[in-house]
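# Report on the structure
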Amino acid sequence: DVSMGGRGREMDASFSVSLGAMSPLLKKLDMMLGPHGCKLTKGVNDRSQLLKDDLEEIAAYLEDLLEVEDPPMMAKCWMKEARELSYDIQDCIDNFVPPESLGYKSDHKMTHVKIPKRLKWQKQIEYAAPDVSGHVISKIIRVDVIRAPRKLKLYQQMVEKVSEFRIYAREAIRRYERYQLHSCSTSAARRFSAIGPIMPMPPMPCEKTCSGLVIDGRMSKFINSLANDADQQLKVVSIHGFGCLGKTMLAKVLYNKIGRKFHCRAFVRVSKKPDMKRLFHDMLSQLQRKQPQASQDASDELRITAENIGNCLHGKRYLVVVDDLWDTSAWDVINQLFPKGSQGSRIITTTQIEYVALACCSDDPEQVFEMNPLDDDHSRKLFFDRLFGSESNCPDELKQVSSQIVEICGGLPLATVSIASLLANQPFVSVDLLTHIHDSLVSCLSSNSTSERTRQVLNLSYHRLPHYLKTCLLQLGMYSEGSIIFKHDLVRQWVAEGFLAASEGQNMEEVAGMYFDQLVDRRFIQPVSINFNNEVVSCTVHALVHDLVAHKSAEENFLVVLDHNRNNLTVSHKVRRLSLQLGDTKYAKIPANIRKSQVRSLGVFGLSECMPCIAEFKLVRVLNLQLSGHHNGDQDLAIDLTGISELFHLVYLKIVCDVCIKLPTRMRGLQCLETLDVMDTPRGTYVPWDIIYLTRLLHLSLPPDTNLVDWSFGDDLSLCRPNHLQDLCISTPPSSDSGHLMRNMYALDYLRYGHDSLKSIKLVAHGSSVSYGDASKAGFKWVLDKLTHHVQRVEVSPHSPVVFCDMHLWNIQHGNLCILKIAVDGLSVNDVDILRGLRCLTALSLYVEKSPGIKIIFGTAAGFTALKYLKLRFMSGIAWLKFEADAMPNLWKLRLVFDAIPPLVDQRLELYSVPDLWKQYRHGTALISIDHMTGLREVSAKFGGAAVDLQYVSRIGVVINHRGNPVISVQLVDSGSYCEESTVQKQQSDDDKR
């Protein structure tokens, strides 16, 4: 099991913050010196073999020192130098040996590089050997190198480098012996295992709970007071308290509990030095529930975004959480966004500063909720529930020392749950282990500050992480504080960087997903959004965790962040990972001492004017560009990214940009590329068709206006397709002409037909302000055909012009289709039977253009056994639906949405013209009937229409719900004023029939 990490003393071939590039370097040398490697002269092979032997000795010393719980400073310096040496040698090999020489060709075979025999000659090499004390030892030696003709000059230089690196390696070994570092490795070893069981996440499926917080009586009263507040005036409440008391967690509980009562909502984080442009953009995207269109005037973008937010909120009942405010000036700017009204809107702020909390609430202390540390009972509950499931499950011999640990944590939720999570991930919890934790906490928790105490606990937990989790955690430092990060982005970057300690044959992304889940389980990562299957989709990190990551990254020279909001100290010239967090700075530059050719991972977040020359980052593996700038569509002002074609080691490329970009005309040479994501770029971005020859390409997300027809034919006009593509995502602008869209859909059919590796297909609407169901949108009918059994996911945005029809003609092999989210022209009984045949279906979302004219029954016939999430959204009209008992035995969440119910005619809703149907309805049969469904955890129904029609729906009881089901949330939204008319919680039962 990969999650158990390592294989005894055998080293895995992954990069890590602890071992640097030592493991993959040794693996690469093995490949080079093997029978199918790079065939050089005997002298070169001999030197390389000696270097490899020295590096193996250094690697063994490194692993020994990793077992020391708190190594002395001298050992830390030696370990850092050994890691830097491994990176330097790895970079040298990557510069000299092209990727295709080590198995990166499409046939996955080694190529042979042969150098003829040549005469030897001698050359002096002067080198500087750094000492731990800071002194530099200058030495001159003579080495034998190969006399090479001009055309093989590159290999002559490589020979010289091999000899030079062996000098450094031997010097490192001598220093290890001179400093007697072996005595450190024989001292007390770690008491903690770097491995352990992956504990299940405490939150129940489909429950947006906050497992790091226990709701006490005061919090419950505060939550209920807001949930039941009938005041229709705009109200601002503030949560105030010291750091790490759970203010953000409590705000999230409120957000999830009362959020459905509002027409729109947003949760934004401010931080100490806020980026208002990003904050406004994030708020608008949440309120609109889609990405806002870019402004044409970059110089006035902040004002335009603010106006769009005001227009979006006008006349609506909204909920906005403003988290982590630090000064009143930021609040004054944000507060100007919110229109004053009488719809019952609510704003919740969190802050550590009392006068800021009062300023938010107009100096009304009654609207400020003071956070206090948890009392002993709730602290014990949080600790014991996380570690043992409950206090009653704790063995008697462990209770006393466990209680002492809870007491030391001082009622701080994050500190308490972090220590409990650390222990929960140990293979075995003993009295000795708990005593060791207790003693460690006593020695390190010397501060009275809640933030400082929590920081020390997090530091303790960090040092007990396995090395592969430390590495993955530190990579989060590439993102600025408060960023929302998608899991799939992190997972693919970890794979691209080679952070995984995986065994041969394992799916690398599944292993990376397990690492992500472990970091969530250990509370280093905070979930932001959770899907229907209780899987974390996006995340963020607590401010203290972000500080910890920044500190450890700088200490280990793992990652360098250049932040325009902070004073950047002098950085080392050896930068392996570089994050440029430039904000709105227009003339920021990379320090001249940084060697761009050594950067392996580059993230650029800021204005396009600060974009460095990409071609200089020769060895970069991960390239993440999130840029903004002018939006006038002028191709002459496009960002020139043609240098990407020279980045032959590139594995992951993502570009998010509102500026025109110019990609290379040919990208066929990027044979290592696995992820290409340029979906969030403006129209006019063209991806070269020759990427179909990238044999390692797994994930492809394309910009709007991509002509897939061009990709169907290669140089010789033969049909082509990427061999190993797993995920295909295409952005489709709603304004596309039907001819262009039809040609692309035919090409898409071809790309997926007979494609054994393709698992996911997505069509998303790009930058659309067109709402679902807009009559002005030109729809395009299509039949879901040629869907092989390998496909697991099909998603087509309801804002896309594509609408599926004729379900009886669909040719779907009943294989592994798990997720189906599409718009359909109608829904019939036969359609339900077809969908029932998809035995692996776990999530189904249907956006139905025309409501059915007959009663649709989801019966107990075989099928829908795996379904966990069902959403039915009807564009117009209302549907007559019945869900029989146990029709969907594993369903967790049911959502019904009716965008526009029919008008009221003669005191009845105008549904059908058949009198018998109306007779049945008039005698009390509900239009929507939900029988007992044992697995159901959440059910909601939303009706949109004119106010008078909504009042009738509310009065007659359109929905009947079995009393054994969860309470149904019925939301009535007045489509005339765009504000919620009323929200009622119903649980009805027909006792005579059940």
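Before any of the text, the structure's been laid out above.
The structure reproduced in this document is the subject of the present report. Throughout, residues of each chain are indexed from 1 in the direction in which the sequence is written. In keeping with the predicted nature of the model, local features appear solely for residues at pLDDT of at least 70, side-chain atom pairs appear and are counted solely at 80 or more, and the whole-chain, interface and lining totals rest on all residues. Hydrogens are left out, water is left out, and the side-chain values use all remaining heavy atoms of the structure.

### Observations concerning the environment of Arg-278
Secondary structure elements are taken from DSSP: a helix is a run of H or I of four residues or more, a strand is a run of E of two residues or more, and numbering for both begins at the N terminus. Among the structural elements, Arg-278 can be located in helix α8 (residues 276-288). On a C-alpha basis, the gap between Arg-278 and Gly-583 in space is 8.7 Å, while along the polypeptide they are 305 residues apart. Any two residues having at least one pair of non-hydrogen atoms within 4.5 Å are treated as being in contact. If we skip the residues at most four places from it in the chain, Arg-278 touches Ser-480, Glu-481, Gly-482 and Ser-483.

### A closer look at the pattern of salt bridges
Here, a salt bridge means any Lys or Arg side-chain nitrogen found within 4 Å of an Asp or Glu carboxyl oxygen. Applying the stated criterion to the full structure yields 39 salt bridges. Residue Arg-269 pairs with Glu-481 through a salt bridge whose shortest N-O separation is 3.5 Å. Highlighted residues: Arg-269 in strand β4 (residues 264-269) and Glu-481 in the loop between α17 (467-474) and β8 (485-486), separated in sequence by 212 residues. Counted as one network, the salt bridges with shared partners bring together Glu-84, Asp-88, Asp-91, Lys-574, Arg-576 and Arg-600.

### Observations regarding the pairing of strand β26 (residues 843-848)
The element β26 is largely enclosed, with a buried count of six among its six residues. Paired strands are those between which DSSP finds at least two bridges. Of the strand pairs in this sheet, strand β25 (residues 819-824) and β26 are connected by six bridges, and their pairing is parallel. Considered in β26, the bridge of Leu-820 is made with Leu-844. Orienting the strands away from the viewer, one traces the path from the first strand over the helix to the second; a clockwise path indicates a right-handed crossover. Between the parallel elements β25 and β26, the chain passes through helix α22 (residues 829-836) in a crossover that is right-handed. We call a residue buried when its accessible area falls under 20% of the maximum for its residue type, exposed when it is over 50%, and partly exposed in between, using a 1.4 Å probe and counting protein chains only.

### A word on helix α18 (residues 487-497)
Most of α18 is tucked away: 10 of the 11 residues are buried. Of all the residues in α18, the buried ones are Lys-487, Asp-489, Leu-490, Val-491, Arg-492, Gln-493, Trp-494, Val-495, Ala-496 and Glu-497. Positive phi shows up at Gly-498, right after α18, with a value of about 80°.

### Here we look at the sheet that holds strand β10 (residues 536-540)
Spatial strand order, β8-β10-β9: three strands in an open sheet with antiparallel pairing. Whereas interior strands pair on both sides, the edge strands pair on one side only; in this sheet they are β8 and β9 (526-530). Across two bridges, the pairing between β8 and β10 is antiparallel. Across the sheet, Phe-486 pairs through a bridge with Ser-538, a residue of β10.

### Notes on α22
Listing the buried residues of α22 in full gives Asp-831, Val-832, Leu-835 and Arg-836. Down the axis of α22, the buried set is contained in an arc of 140°. They therefore lie on one face. Residues of α22 that are buried make contact with β25, β26 and β27 (856-858). The arc in question is the one traced by the directions running from the helix axis out to the C-beta atoms.

### Looking at the packing of helix α12 (residues 376-388) against helix α13 (residues 396-409)
Interaxial distance between α12 and α13 falls to 10 Å at its minimum, and their mutual angle equals 125°. Between α12 and α13, the angle falls in the class oblique. Crossing of α12 against α13: the hand is right-handed. Along its contact with α12, which presents Ser-379, Arg-380, Phe-383, Phe-384 and Phe-388, the element α13 presents Leu-398, Lys-399, Ser-402, Ser-403, Ile-405 and Val-406. Tallied by class, residues from the contact of α12 with α13 come to six nonpolar, three polar and two charged. For helices, the fitted axis covers only the stretch in contact; all axes are lines through C-alpha atoms, and the angles between them, taken along N-to-C directions, range from 0 to 180 degrees. Each angle is binned into one of four classes, with values under 35 degrees roughly parallel, values over 145 roughly antiparallel, values of 65 to 115 roughly perpendicular, and all other values oblique. Two helices that cross are described as forming a left-handed crossing if the nearer one is turned anticlockwise from the farther one by less than a right angle, and a right-handed crossing if clockwise. Gly falls in the polar group here, along with every residue not listed as nonpolar (Ala, Val, Leu, Ile, Met, Phe, Trp, Tyr, Cys, Pro) or charged (Asp, Glu, Lys, Arg).

### Section: the packing of aromatic side chains
Aromatic pairs are defined between Phe, Tyr and Trp rings, using the six-membered ring for Trp, whenever the two ring centres lie within 6.5 Å; interplanar angles under 30 degrees are classed as stacked, those over 60 as edge-to-face, and all others as tilted. Under the counting rule described, the total for this entry stands at 20 aromatic pairs. With a centroid separation of 5.1 Å and an interplanar angle of 55°, the aromatic rings of Trp-78 and Tyr-176 are classed as tilted. Separated by 98 residues along the polypeptide, Trp-78 in helix α3 (residues 73-96) and Tyr-176 in helix α4 (residues 153-178) bring together distant segments of the chain. Three or more aromatic residues joined by ring pairs make a cluster, and in this case those are Tyr-61, Trp-78 and Tyr-176. Directly above the ring of Phe-558 sits Arg-577, whose terminal nitrogen or CZ lies 4.2 Å from the centroid. By the criterion adopted, a ring carries a charge over it if an Arg CZ or a Lys NZ lies within 6 Å of its centre and within 35 degrees of its normal. Above the ring of Tyr-693, the side-chain terminus of Arg-668 is found at 3.8 Å from the ring centroid.

### Let's talk about the sheet that holds strand β5 (residues 318-325)
Adjacent strands of a sheet form backbone hydrogen bonds with each other and so pair up, either parallel or antiparallel. Across the sheet, five strands lie side by side as β4-β5-β6-β3-β7; this open sheet has parallel pairing. The sheet terminates laterally at β4 and β7 (368-370), the two strands that pair on one side only. The average angle at which neighbouring strand axes cross in this sheet is 15°, direction not considered. By the bridge criterion, six bridges tie strand β3 (residues 235-240) to strand β6 (residues 346-351) in an arrangement that is parallel.

### A look at the packing of helix α1 (residues 22-33) against α3
One can describe the packing of α1 onto α3 by two numbers: an axis separation of 9 Å at closest approach and a directional angle of 40°. Between α1 and α3 lies a crossing of left-handed hand. Along the contact surface, α1 presents Met-22, Pro-24, Leu-25, Lys-28, Leu-29 and Met-32, while α3 presents Ala-82, Ser-86, Ile-89, Gln-90, Ile-93 and Asp-94. Of the residues contributing to the contact of α1 with α3, the split by class is eight nonpolar, two polar and two charged.

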